[in-house]
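The lines below spell out each chain.
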Amino acid sequence: MKNCISCNMPLNGELDFALRGEVKEYCIYCSRADGSMKSFDEAKESMIKYVIKTHDLTPKEAEKGVLIVMKKLPAWKNNFT
Ligand SMILES: [Zn+2]
């Protein structure tokens, strides 16, 4: 099973892929409307919003957690050197 290189969400089926039926390395949440992958800052912002909503964290706590996750992901490893 593959995981999104940007947010680590499992890519289980074609609906999770950026463009339907097309194999992508990243999920729909990490894609722009045109199908390209979001930038580091865009992906970070959307993940922060997501964890605030789902885990009831403050923005500061959420950012800290998101950065820990992003640091481990192939799409962003160059952003942490
Ligand atoms: Zn993703």
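Just so it is clear, the structure is predicted and the values come from calculations on it, not from any experiment.

Caption draft 1: Fine view of the overall build of the protein. When you go through the protein residue by residue, the secondary structure sums to two helices and two strands. Going residue by residue from the N terminus, the α and β elements of the protein occur as β-β-α-α. The buried share among the 81 residues of the protein stands at 28%. For the protein, the proportion of contacts with a sequence separation of at least 24, taken over those separated by at least 6, is 27%. For the protein, the exposed surface amounts to about 5,600 Å²; the carbon and sulfur share of it is 55%.

Caption draft 2: Expanded view of the environment of Ile52. By the secondary structure assignment, Ile52 is in helix H1 (residues 40-55). Overall, Ile52 belongs to the partly exposed group, its relative accessible area being 28%. Separated by 11 residues in the primary sequence, Ile52 and Glu63 have C-alpha atoms spaced 9.0 Å apart. Among residues more than four places away in sequence, those in contact with Ile52 are Leu57, Thr58, Pro59 and Ala62.

Caption draft 3: Molecular detail of the nonpolar core. Core analysis: the largest hydrophobic core is formed by 16 residues, its most contacted members being Cys4 and Met70. For this core, the elements supplying multiple residues, two or more each, are H1 and helix H2 (59-71). The element that contributes the greatest number of residues to this core is H1, accounting for five residues. In this view, Met70 contacts Phe40, Ala43, Lys44, Met47, Trp76 and Phe80; residues no more than four positions away in its chain are not counted.

Thresholds, definitions, all that
Residues numbered from 1 in each chain as written. Predicted model: local features only at pLDDT ≥ 70, side-chain atom pairs only at ≥ 80, totals over all residues. Heavy atoms only, no water. Helix = DSSP H or I, 4+ residues; strand = E, 2+ residues; numbered from the N terminus. Buried < 20%, exposed > 50% of the residue type's maximum accessible area, 1.4 Å probe, protein only. Contact = heavy atoms within 4.5 Å. Areas by Shrake-Rupley, 256 points an atom, 1.4 Å probe, with all protein chains shown as cover. Core = buried A, V, L, I, M, F, W, Y, C linked by side-chain atoms within 4.5 Å.

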